[in-house]
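Below are the chains, spelled out letter by letter.
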Amino acid sequence: AIKFKAVKQIMEKEQIGDARTGSAFFVWLGFNLLFASFATLMVYIEPVAAGSGIPEVKCYLNGINIPRIVRFQTLACKALGVLFSVSAALPVGKEGPMIHSGSVIAAALAQGTRSISIFGHDWRILEFRSDPEKRDFVACGAAAGVATAFGAPIGGVLFALEEGASFWSTQLTWRAFFASMITIYTLYVVRNSENNWGTAASTKMFSFGEFTSFEQGKANFSVWELLLFIVVGILGGLSGAIFNGMNRRLTVLRSKFVKSKFSRALEVLGVTLTCSIIMFIIPLMWSKCTPRPKSQVTWTQQEKDIAEELVQFKCKDDEYNEVASLYFTDSDTAIKQLFHFREVGNFDDDVETFSSVAVFAFYIPYTMLACLTYGIAVPSGLFVPSLLSGAAMGRLVGHLLHRLDAQSGTFADSGTYALVGAAAGLGGMARMTISLTVILLEATGNVQNLLPLMLALMAARWIGNVFNHGLYDIHIRLKRLPYLEEEIPHIAIERGATAAQIMTADPRIFPPLCKVGELYDVLRACRHESFPVVSDPHGDRQLLGTVLRRTLCMVLYHRAFAPPGEDPDGQTDLNTRSLSPLLSSAVFERAYPRYPKAEEIILSDTDRDCWLDLRPYADTSPFTVQDCASIQRTYFIFRTLGLRHLIVVDPDNKVKGVITRKDLDEPTLEERLGWVDDMELDSYQHEAHPSNMARFKV
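Predicted model, so just to flag it, every value in this text is computed and none were measured.

Caption draft 1: Just helix 28 (residues 666-673), in detail. Every buried residue belonging to helix 28 is among Thr 668, Leu 669 and Leu 673, and all of these are buried. Down the axis, helix 28 shows its buried residues gathered within 110° of arc, on one side only.

Encoded structure:
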């Protein structure tokens, strides 16, 4: 508001000669560069605060531990940075970062107080200090973020189900529902405190405005127009595919040429300069000043308020600039103008609206700038830019249809087409269906638009998937994060691979009793998170269990190993007792999730000669798969159970290798299996699978 007010005052002074020509532009540019500098400073402090955070949250919920993604510093930089990036006139939104922020808050709550003491007794009130519980909390936080952004609690739950969580359960359903409910309740209480909690006002941070029927009891569209809504969905899918493809190419170029923090900051300033110039020059070139629309008897108070938001931009007091009214305002207002300025073809001539050329002059440059902006080093979201560009596309389609029927009122209001276009635009980019339908229904409050939204979103998804993936999935692949989709990669099914062909062979293994120095050297030499415990590392390698890296680091950090001189040789009672002292579960619980690292542990020569008993800490029933198991079965077990490690054994339960999620992601499978020539595929499959008959003793 301060920026727009200052620019408006300078423009007025330019018109009367009190300021030099061009002063308003430099004021506009100065504000934008200042705000963009603060936004990129937040990313300089915390790099993972860049972008919307939705791809990272999806990966976290899939089981990938991305460093610092749910830290408080990330939350602070994200929240402050998105305020400045939105204020810098960049085509970004705040809804995506709000989803990330909700996830960070939920992750922090999962690490809260473990117990309270009442009358000398400890009552446990939170038992959430584990990875699965923390993951569920993050999913609930994502649902609460959507509920906060759009005022759509049910849509938030469905978003967490459709786009977020990879592992869903009945318990997680009611948890996400409860989180969304409390979020909306809190908004009601806070927003209505000024009127002493009287009549409830709008709780939506981002409002689509009220959609009402022009004729009581009737929809704003005809049944035969449902085919046209499908066409709008197809256009949204095509535009989304083009947008995603272009952004993918830009991201690849950024990864090659813009690597350092300083160069990324310069890129932010360059993109801000480009956006500021284009957003100022295009309205300036639009020399036509349109008379402000006169209030009609049938207008609602909402339409009257929207008309007051039209931007004058060097026009007379009773006129406005159509293009500037879309560029020189916040995204919320621009979307409501496209939604609620009526144009049905049967109004009087004095009812003005945005012309087709003005909407086109906004749609193409804004979409291209949004594509350029997403991926730079500022906190940013794509929900609102996609909705706004889609609304412009839908409004443009409505205009063209009304021109075809010579303003006779055959087609629905252009605002209805703008709503369907907004859904198609966002659906074409993100490929969401169920959650986006419910979000838009809750945000509009009009169920009559249900079927048009469903048709448009399905059409946008199908058409977009013909060409490429959703933008969030594209960025996950570009970052080479081992995200496991629900369906197994096609190349693994084609090649008929087995677990033995994709595993990491000859893993690091430990005996039940080992020297502290040897174990410590292995921890320092590798980054593996799980180690098989075998009966004889140099012999039959019979699997006895697995032990986690963090467990070993905790034991070494607390020096819970046998005293110097204690040797397992000659001990006759080791079947009933542990050679080394035990750490209680409370010690591990207090340290979660920041366990000590091997590099932080300092051992003396005496410590290195001590013995460590791994039996009390080993998981004696780990998940295993035989080396001849198909890749389909291996993938299903790994992803469905949410595993991080899967031990591969032979028929005699001897360790052959370990499978991690990195071994199962699509790029790795293509590297390991893509060398087989299609002509040799049959012989390859025959030789790759050991004969089952050889496994039986006759």
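Caption draft 2: Layout of the state of the cysteines. According to the stated counting rule, one finds one disulfide in the structure shown. Two residues share a disulfide in this structure: Cys 289 and Cys 315, whose sulfurs sit 2.1 Å from each other. Handedness here is read from the sign of the S-S torsion; for Cys 289 and Cys 315, about -80°, the answer is left-handed. A residue pair is termed long-range when its members are at least 10 positions apart, and Cys 289 in the loop between helix 10 (261-285) and strand 3 (290-291) and Cys 315 in the loop between helix 11 (301-308) and strand 4 (319-320) qualify at 26 residues. The class for Cys 289 is partly exposed, based on a relative accessible area of 25%.

Caption draft 3: Structural detail: a negative patch on the surface. On the surface, Asp 305, Glu 308, Glu 309 and Asp 330 cluster together into a patch of negative charge. Here Asp 305 shows up in helix 11.

Caption draft 4: How the structure looks around helix 23 (residues 549-557). Most of helix 23 sits inside the fold, with seven of its nine residues counted as buried. Within helix 23, burial applies to Arg 549, Thr 551, Leu 552, Cys 553, Met 554, Val 555 and Leu 556. Considering only its buried residues, helix 23 is in contact with helix 22 (516-525), strand 7 (530-534), strand 8 (543-548), helix 24 (585-591) and strand 9 (611-613). Downstream of helix 23 by a residue or two, Arg 559 has a phi angle that is positive, lying close to 55°.

Caption draft 5: Spatial organisation of unusual backbone geometry. The residue Phe 313 is not glycine, and still its phi comes out positive at about 45°. Note that Phe 313 resides in the loop between helix 11 and strand 4. A positive phi angle is found at Arg 559, which is not glycine, with a value near 55°. Structurally, Arg 559 can be placed in the loop between helix 23 and helix 24.

Caption draft 6: Geometry of the nonpolar core. Ranked by size, the top nonpolar core spans 104 residues in total, and within it Phe 150, Phe 208, Phe 339 and Phe 383 carry the most contacts. Aside from chain neighbours lying at most four places away, what touches Phe 383 is Ile 54, Glu 95, Gly 96, Ile 99, Phe 150, Phe 159, Leu 426, Met 432 and Tyr 472. In terms of nonpolar packing, the next biggest core, distinct from the first, is built from 32 residues, Cys 514, Tyr 520, Phe 531 and Ala 591 among them.

Caption draft 7: Quick peek at the environment of Asp 131. Position of Asp 131 relative to the elements: it lies in helix 6 (residues 131-150). Residue classification places Asp 131 among the partly exposed residues on the basis of a relative accessible area of 30%. Taking C-alpha positions, Asp 131 is 9.3 Å from Tyr 592, a pair spaced 461 residues apart along the chain. If sequence neighbours within four positions are ignored, Asp 131 has contacts with Arg 550, Tyr 592 and Arg 644.

Caption draft 8: Looking closely at the pairing of strand 7. Of all five residues making up strand 7, five are buried, and the element is well covered by its neighbours. Side-chain alternation along strand 7 places Ser 530, Pro 532 and Val 534 on one buried face and Phe 531 and Val 533 on a second face that is also buried. Taken together, the five bridges between strand 7 and strand 8 define a ladder with antiparallel strand orientation. In the sheet register, Ser 530 faces strand 8, and the bridge partner there is Leu 548.

Caption draft 9: Representation of the packing of helix 7 (residues 153-164) against helix 17 (residues 434-444) in the model. Packing of helix 7 against helix 17 leaves a shortest axis separation of 8 Å and a crossing angle of 170°. Considering their axes alone, helix 7 and helix 17 lie roughly antiparallel with respect to each other. The element helix 7 and its partner helix 17 pack so that their crossing is left-handed. Residue-level contacts link Pro 153, Ile 154, Gly 155, Leu 158, Phe 159 and Glu 162 of helix 7 to Ile 434, Ser 435, Val 438, Ile 439 and Glu 442 of helix 17. Across the contact of helix 7 with helix 17, the residue classes tally to seven nonpolar, two polar and two charged.

Caption draft 10: Quick peek at the packing of aromatic side chains. Counted by the stated rule, this structure contains 21 aromatic pairs. When the centroid spacing of 6.3 Å and the interplanar angle of 50° are considered together, the rings of Phe 4 and Phe 328 count as tilted. With Phe 4 in helix 1 (residues 2-16) and Phe 328 in the loop between helix 12 (324-327) and helix 13 (331-340), this pair connects stretches of sequence that are 324 residues apart. Residue classification places Phe 4 among the partly exposed residues on the basis of a relative accessible area of 28%. Judged by its relative accessible area of 7%, Phe 328 is buried. Consider the rings of Phe 159 and Phe 383, whose centres lie 6.3 Å apart with planes at 65°: the pair is edge-to-face.

Caption draft 11: Structural context of the pattern of salt bridges. One pass over the full model with this rule turns up 19 salt bridges. Where Glu 671 meets Arg 480, a salt bridge forms, and the shortest distance between an N and an O atom there is 3.9 Å. Within this pair, whereas Glu 671 is found in helix 28, its partner Arg 480 is found in the loop between helix 19 (471-478) and helix 20 (490-495), the two being separated by 191 residues in sequence. The class of Arg 480 is partly exposed, set by a relative accessible area of 40%. Between Glu 599 and Arg 527 there is a salt bridge, and its shortest N-O distance comes to 2.9 Å. Of this pair, Glu 599 sits in the loop between helix 24 and helix 25 (605-608) while Arg 527 sits in the loop between helix 22 and strand 7, placing them 72 residues apart in sequence. Classification of Glu 599 by relative accessible area gives partly exposed; the value is 40%.

Caption draft 12: Summary view of the pairing of strand 11 (residues 646-649). Taking every second residue as pointing to the same face, both faces of strand 11 are buried, with Leu 646 and Val 648 on one and Ile 647 and Val 649 on the other. Crossover strand 10 (residues 624-626) to strand 11 through helix 26 (residues 631-640) is right-handed. Pairing of strand 11 with strand 12 (residues 655-659), which is carried by four bridges, proceeds in the antiparallel orientation. If you follow Val 648 over to strand 12, its bridge partner there is Gly 657.

Analysis parameters
Residues numbered from 1 in each chain as written. Predicted model: local features only at pLDDT ≥ 70, side-chain atom pairs only at ≥ 80, totals over all residues. Heavy atoms only, no water. Buried < 20%, exposed > 50% of the residue type's maximum accessible area, 1.4 Å probe, protein only. Helix = DSSP H or I, 4+ residues; strand = E, 2+ residues; numbered from the N terminus. Arc of directions from axis to C-beta. Disulfide = S-S within 2.5 Å. Patch = residues over 30% accessible without salt bridge, like charges linked within 9 Å, V, L, I, M, F, W, Y side chains within 5 Å. Areas by Shrake-Rupley, 256 points an atom, 1.4 Å probe, with all protein chains shown as cover. Salt bridge = Lys/Arg side-chain N within 4 Å of Asp/Glu carboxyl O. Lys, Arg positive; Asp, Glu negative; His and termini not counted. Charge placed at Lys NZ, Arg CZ, Asp CG, Glu CD. Contact = heavy atoms within 4.5 Å. Core = buried A, V, L, I, M, F, W, Y, C linked by side-chain atoms within 4.5 Å. Pairing = 2+ DSSP bridges. Axes fitted to C-alpha atoms, helices over the stretch in contact; angles between N-to-C directions. Parallel < 35°, antiparallel > 145°, perpendicular 65-115°, else oblique. Left-handed = near helix turned anticlockwise from the far one by under 90°. Nonpolar A, V, L, I, M, F, W, Y, C, P; charged D, E, K, R; others polar. Phe/Tyr/Trp six-rings, centres within 6.5 Å; stacked < 30°, edge-to-face > 60°. Right-handed = clockwise from strand over helix to strand, strands pointing away.

In short, the description is geometric, and any link to function would need to be established separately.
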